[in-house]
Number of protein chains: 2
Amino acid sequence: MAAEPYRLTATEALKAFNNDSLTVEDYAKSLLKRIEERDGLIKAWAYLDPTQVLEQARALDKVPKEERGPMHGVAIAVKDIIYTKGMPTQHNSPIYAGDQPEVDGGSVIMLRKAGALILGKSRTTEFAATVEGPGTANPHDTTRTPGGSSSGSGAAVADFQAPIGLGTQTGGSTIRPGSFNGIYAMKPTWNAITREGQKIYSLILDTLGLYARSVEDLELLGSVFGLKDDEVPQPPKNGVKGLKFALYKSMVWDQAGPGTQKAMQKGKELLEAHGAEVEEIELPADFDKLPDWHGCVLKCDGRPSFRPEYQIAKEKLATSLVEHVEEKHGYSRKDYLEAFDAISALRPKWDAIAEKYAAVIIPSIPDEAPAGLESTGSAVFNSWTTALHFPVVNVPGFAGSHDMPVGLSLAAPRYKDQALLAVAKEVGKVWEKEGGWSSKL
Amino acid sequence: MAAEPYRLTATEALKAFNNDSLTVEDYAKSLLKRIEERDGLIKAWAYLDPTQVLEQARALDKVPKEERGPMHGVAIAVKDIIYTKGMPTQHNSPIYAGDQPEVDGGSVIMLRKAGALILGKSRTTEFAATVEGPGTANPHDTTRTPGGSSSGSGAAVADFQAPIGLGTQTGGSTIRPGSFNGIYAMKPTWNAITREGQKIYSLILDTLGLYARSVEDLELLGSVFGLKDDEVPQPPKNGVKGLKFALYKSMVWDQAGPGTQKAMQKGKELLEAHGAEVEEIELPADFDKLPDWHGCVLKCDGRPSFRPEYQIAKEKLATSLVEHVEEKHGYSRKDYLEAFDAISALRPKWDAIAEKYAAVIIPSIPDEAPAGLESTGSAVFNSWTTALHFPVVNVPGFAGSHDMPVGLSLAAPRYKDQALLAVAKEVGKVWEKEGGWSSKL
């Protein structure tokens, strides 16, 4: 083996297991060593038991080749708001400290069946519903936030503690950490993958999120989870050459700092230099209200979602969540329905616009990861995309003024997830190579 | 005590506990005796452990009066697709036979906190997603179906084996059994009550359902679960007198049999005789497509929802659910989105129409419960109401040609749940008394 096993992407690890150059046990040991060396600093994990990991790994090594699943032996970090048998699920909430429901979330059932090695539970903000960091540090600069709420999965994948990870997104909880950590992140079409066994914040917004260090690995996860367009997309034949992109600075562009401003400009120029067409677009005026509508739906949905916890242990619940339940936001049911219905009406409008392009380029974050671990940063560039249900992939490649990673989002119409990944793969080749940022880890 | 404790409604039982005329233990014993006598015939329960019930009851009796919750001691049946600590959750699926995730659904957390006595798990069709009856019989005629998928909760409440019960509805799974069993049933506004810990069939359709033998008991459940309109509704002062109702025979009226036809006619006449106005209405032509759109969304949503079970044990999954995952229905993602978006666009239109009336009267079922326990009957009159998210209450009172119960639905705009209950209470007084059917149990 040239590289240390812990550095392998999921796809590379699969290859190594398949050609017998690596056992799952040795792979797991390499990852555990990396975790031991690094996690005191990064704090990506809410729960990880090395003995349990090695037991899983040895069991996987005993599976005959012909019975192995499509993710045989591949390690994965699971966000700690998704249920896992044999491991606690604590939601970063004192209410659920040490709690261990013996049930697997739907995504975890599929992962286990595919032969994945569940490393452990990655840190999250409380119920994936607050912006207070869970103590996790950005591996590229440990004085900065890795973003949230999928803090642990984002940081673990960037830090080579896991090749892939599960996150979730209700506002910007998958794409923001993806960008802050300089890795690929995908928010698939809403409900394209089951959310069974994933704590609810907002039914109409919550989406399972995927992390990886390569698009191939996102495709692998997508195939295990059944992500499937109406038509199998033809991969671009000449890279990005001849593809037509839209660039939408978004209705909150005034919140973009220099890192994102430069990335948007450079991302456009690079694609054009490689023969793509990039057309800057505006969206109809109604779209400008999406961030507010999203906020209304989110806060109002927090009422039914956190009412059980509020009733049993209000004093152990984050103030912001108590306020959702107590409706301190001041939104009426009427306000909620207006926002809910208005968002619904814009979904087909987005699809009609986006389907004219190979992808729509939008910002992933206001700027590189801010200093401090207290706040996970702003989701203002993501929340409207979550509301509209369409798939988004964060592609890394650019640098902020402190050389922290800045990614850009590629977006597509709903249920064009596979097509989006195929395009993201080509775009990534350009941006990762020439965007100006690469991981020093 | 005049009546046997098992015959008490929840509200009546609360009163008896409060004035010390009944202990929870004696109440539980009375219910257990009823269950023992009857359930060999009715088969309402998937799981019920008398020892566990009595332990709960004794613990509740020890709670000092000032610490008692708003449902102190009240027994409830929980549909077996909702997680409960200390009891198995089996979804009527061989895949989950004996499975016991140690977690409470959100509704169950709130029930326990309110002091409810969880009797056991009531039978459901497989994952609440098929129409094959789970062996439960209609207590009014055990050769007939109690409906489904909430078969056990509906039958148990009608049969005085529990005063109240939890169901769920994705098509007609709460309202249909309510009507077939001659009890009150409520499908609240979608997402007004958390669905946490309730197996997913369709995220955008699944709704927690409530069963009771009185509207007061539905109100009690609503208050524990946080069902709350923008404005606290003023209860009608003179019964139904002066109220204006709409009557909508629905776009599938051609499927109404004589029982429902007569009930709709008689329901109208009775309200008019008591001083209400009843105006027959039609809905715009787009509404006629709702049953088809609902079917498309339902089947397509079955793909992500049952993919985990399909992957691990396809051979143990109902054929209809295998077909959802394999997309035998032939709907494309494009078809799905068209249906999804078209339904979304009709929700505010329904609200605007319904808000002009005290309630809209619609059929609950094609006719009285059909013979045989194999099929749980047709949800054709319910599915479009589930798609539109508005609250529905089944009010019993009418009789089919075999003297089986026939109920009618009252419906309101979204988030007018409390107002709807207040109206249902007055309508129920008329229909239950003069509609021509009353329970012989």
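Right, let's walk through the structure included here.

Calculation criteria
Residues numbered from 1 in each chain as written. Chains lettered and ligands numbered in written order. Predicted model: local features only at pLDDT ≥ 70, side-chain atom pairs only at ≥ 80, totals over all residues. Heavy atoms only, no water. Contact = heavy atoms within 4.5 Å. Buried area = accessible area lost by both parts, 1.4 Å probe. Salt bridge = Lys/Arg side-chain N within 4 Å of Asp/Glu carboxyl O. Polar contact = N/O pair within 3.5 Å; in protein donor to acceptor, adjacent residues only side chain to side chain. Pairing = 2+ DSSP bridges. Helix = DSSP H or I, 4+ residues; strand = E, 2+ residues; numbered from the N terminus. Axes fitted to C-alpha atoms, helices over the stretch in contact; angles between N-to-C directions. Least-squares fit on C-alpha atoms with pLDDT ≥ 70 in both. Buried < 20%, exposed > 50% of the residue type's maximum accessible area, 1.4 Å probe, protein only. Phe/Tyr/Trp six-rings, centres within 6.5 Å; stacked < 30°, edge-to-face > 60°. Lys NZ or Arg CZ within 6 Å of the ring centre and 35° of its normal. Left-handed = near helix turned anticlockwise from the far one by under 90°. Nonpolar A, V, L, I, M, F, W, Y, C, P; charged D, E, K, R; others polar. Lys, Arg positive; Asp, Glu negative; His and termini not counted. Arc of directions from axis to C-beta.

### What to know about the interface of chain B and chain A
- Taken together, the contact between chain B and chain A spans 50 residues of the former and 50 residues of the latter.
- At the boundary of chain B with chain A, total buried surface from both sides reaches about 4,500 Å², with 56% on carbon and sulfur atoms.
- Looking only at chain B, the three residues that lose the most surface to chain A are E196(B), L203(B) and R333(B), adding up to 14% of its buried area.
- Counting the contacts that link chain B with chain A gives six salt bridges.
- Across the pair D341(A) and R414(B) runs a salt bridge, and its minimum N-O distance is 2.6 Å.
- Summed over the shared surface of chain B and chain A, the number is 24 residue pairs in polar contact (both at pLDDT 80 or more).

### Observations concerning the sheet that holds strand β3 (residues 117-122) of chain B
Residues and elements named next belong to chain B.
- Reading across from one edge, β1-β3-β2-β4-β6-β5-β10-β11-β9-β7-β8 is the order of the eleven strands in this open sheet, with mixed pairing throughout. Strands at the two margins of the open sheet, each flanked by one partner only, are β1 (45-47) and β8 (277-280). Geometrically, the sheet is characterised by an average inter-axis angle of 30 degrees between neighbouring strands, direction not taken into account.
- In this structure, strand β7 (residues 244-247) lies alongside strand β9 (residues 359-363), joined through three bridges in parallel fashion. Along β9, the bridge assignment pairs A246 with V360.
- Contacts from helix α7 (residues 215-225) reach β2 (75-79), β4 (164-169), β5 (184-187), β6 (207-212) and β10 (392-399), with the element oriented near 140 degrees to β6.

### Some details on the sheet that holds strand β9 (residues 359-363) of chain A
All names here are of chain A.
- In space, the eleven strands of this open sheet follow the order β1-β3-β2-β4-β6-β5-β10-β11-β9-β7-β8, with mixed pairing throughout. Only two strands of the sheet have a single partner each, and these edge strands are β1 (45-47) and β8 (277-280). Averaged over all neighbouring strand pairs, the angle between strand axes comes to 30 degrees, with direction disregarded.
- With three bridges connecting them, strand β5 (residues 184-187) and strand β10 (residues 392-399) associate as antiparallel partners. Bridged to K187 within β10 is V392.
- Packing against the sheet, helix α4 (residues 106-113) makes contact with β2 (75-79), β3 (117-122), β4 (164-169) and β6 (207-212), and its axis sits at approximately 150 degrees to β3.

### A look at the relation of the copies chain B and chain A
- When chain B is fitted to chain A, the residual RMSD is 0.0 Å, and the transformation amounts to a turn of 180 degrees plus an axial shift of 0.0 Å. Both copies of the chain, as the preceding transformation shows, are related through a two-fold rotation axis.
- Interface overlap between copies: 100% of the residues of chain B at the interface are likewise at the interface in chain A, consistent with a symmetric, same-surface contact.

### Some details on unusual backbone geometry
- The step from G148(A) to S149(A) runs through a cis peptide bond, and the omega angle for that step is 0 degrees.
- Among the structural elements, S149(A) can be located in the loop between β3 and α5 (151-158).
- Look at N92(B): it is not a glycine, yet its phi comes out positive at around 50 degrees.
- Along the polypeptide, N92(B) turns up in the loop between β2 and α4 (106-113).
- Taking relative accessible area as the criterion, N92(B) reaches 36% and is therefore assigned partly exposed.
- Backbone geometry places D403(B), a non-glycine residue, at a positive phi of 60 degrees.
- Turning to its location among the elements, D403(B) is positioned in the loop between β10 and β11 (405-411).

### Details of the environment of N92(A)
All names here are of chain A.
- Residues N92 and S401, 309 residues apart in the sequence, show an inter-C-alpha distance of 32 Å.
- In contact with N92, other than residues within four places in its own chain, are T124, T125, E126 and P134.
- A polar contact is formed between the side chain of N92 and the backbone oxygen of T124, at a distance of 2.9 Å.

### Quick notes on the packing of aromatic side chains
Residue and element names in this part refer to chain A.
- Taken as a whole and judged by the stated rule, the model has 25 aromatic pairs over all chains.
- Aromatic pair W384 and F390: ring centres 5.7 Å apart, planes at 65 degrees, arrangement edge-to-face.
- Note on F390: relative accessible area 0%, which makes it buried.
- In textbook terms, an aromatic cluster arises when at least three aromatic residues are bridged by ring pairs, as seen for Y96, F127, Y201 and F306.
- Seen from the ring of F390, K187 lies directly overhead, with NZ or CZ sitting 5.8 Å from the centre.

### So, the packing of helix α8 (residues 258-273) of chain B against helix α13 (residues 417-434) of chain B
Residue and element names in this part refer to chain B.
- The N-to-C vectors of α8 and α13 enclose an angle of 120 degrees; their axes lie 10 Å apart at closest approach. Note that α8 runs across α13; the crossing there is right-handed. Here K266, G267, L270 and L271 of α8 lie close against α13, whose contacting residues are V427, V430, W431 and E434.
- Grouping the constituent residues of the contact of α8 with α13 by class yields five nonpolar, one polar and two charged.

### Notes on the side chain of T170(B)
Residue and element names in this part refer to chain B.
- Considering the arrangement of structural elements, one finds T170 in the loop between β4 and α6 (175-181).
- A polar contact of 2.6 Å, which involves the side chain of T170, links it to the side chain of D206.
- Beyond its immediate chain neighbours, meaning those up to four positions away, T170 contacts Y201, S202, L205, D206, H294, L298 and T386.

### Let's talk about the pairing of strand β11 (residues 405-411) of chain A
Residue and element names in this part refer to chain A.
- The buried fraction of β11 amounts to seven of the seven residues, a majority that puts the element mostly inside the structure.
- Here β11 shows a buried face lined by P405, G407, S409 and A411 and a second buried face lined by V406, L408 and L410.
- Judged from the four bridges that link them, β9 and β11 form a sheet pairing that is antiparallel. The residue bridging I361 from the neighbouring strand is L410, located in β11.
- Relative to β11, β10 runs antiparallel, the two sharing six bridges. Residue N394 lies in a different strand from β11, and its bridge partner there is S409.

### Re the side chain of E126(B)
Residues and elements named next belong to chain B.
- Its place among the elements puts E126 in the loop between β3 and α5 (151-158).
- Lacking a salt bridge, the buried E126 has K199 as its closest oppositely charged neighbour, with an N-O distance of 9.7 Å.
- Within polar-contact distance, the side chain of E126 engages the backbone nitrogen of A318 at 2.9 Å.
- With residues near it in sequence (within four places) discarded, E126 still touches H91, N92, S93, K316, L317, A318 and L321.

### Focus on the pairing of β6(B)
Residues and elements named next belong to chain B.
- For β6, the tally of buried residues reaches six of six residues, placing the bulk of the element in the interior.
- Alternating residues of β6 divide into T207, G209 and Y211 and L208, L210 and A212, and every residue in both groups is buried.
- The pairing of β4 with β6 spans six bridges and is antiparallel. Within the sheet, the bridge partner assigned to G167 lies in β6 and is G209.
- Note that β5 and β6 share three bridges and pair antiparallel. Across the sheet, the residue bridging to A185 is Y211, located in β6.

### Points about helix α1 (residues 10-18) of chain A
All names here are of chain A.
- Taken together, the buried positions of α1 are A10, A13, L14, A16 and F17. Seen end-on, α1 carries its buried residues on one side only, within an arc spanning 165 degrees. Of the exposed residues in α1, the ones pointing more than 90 degrees away from its buried face are K15 and N18.
- Against α2 (24-42), β4 and α7 (215-225) lie the buried residues of α1.
- In the segment just after α1, D20 is the residue with positive phi, at about 60 degrees.

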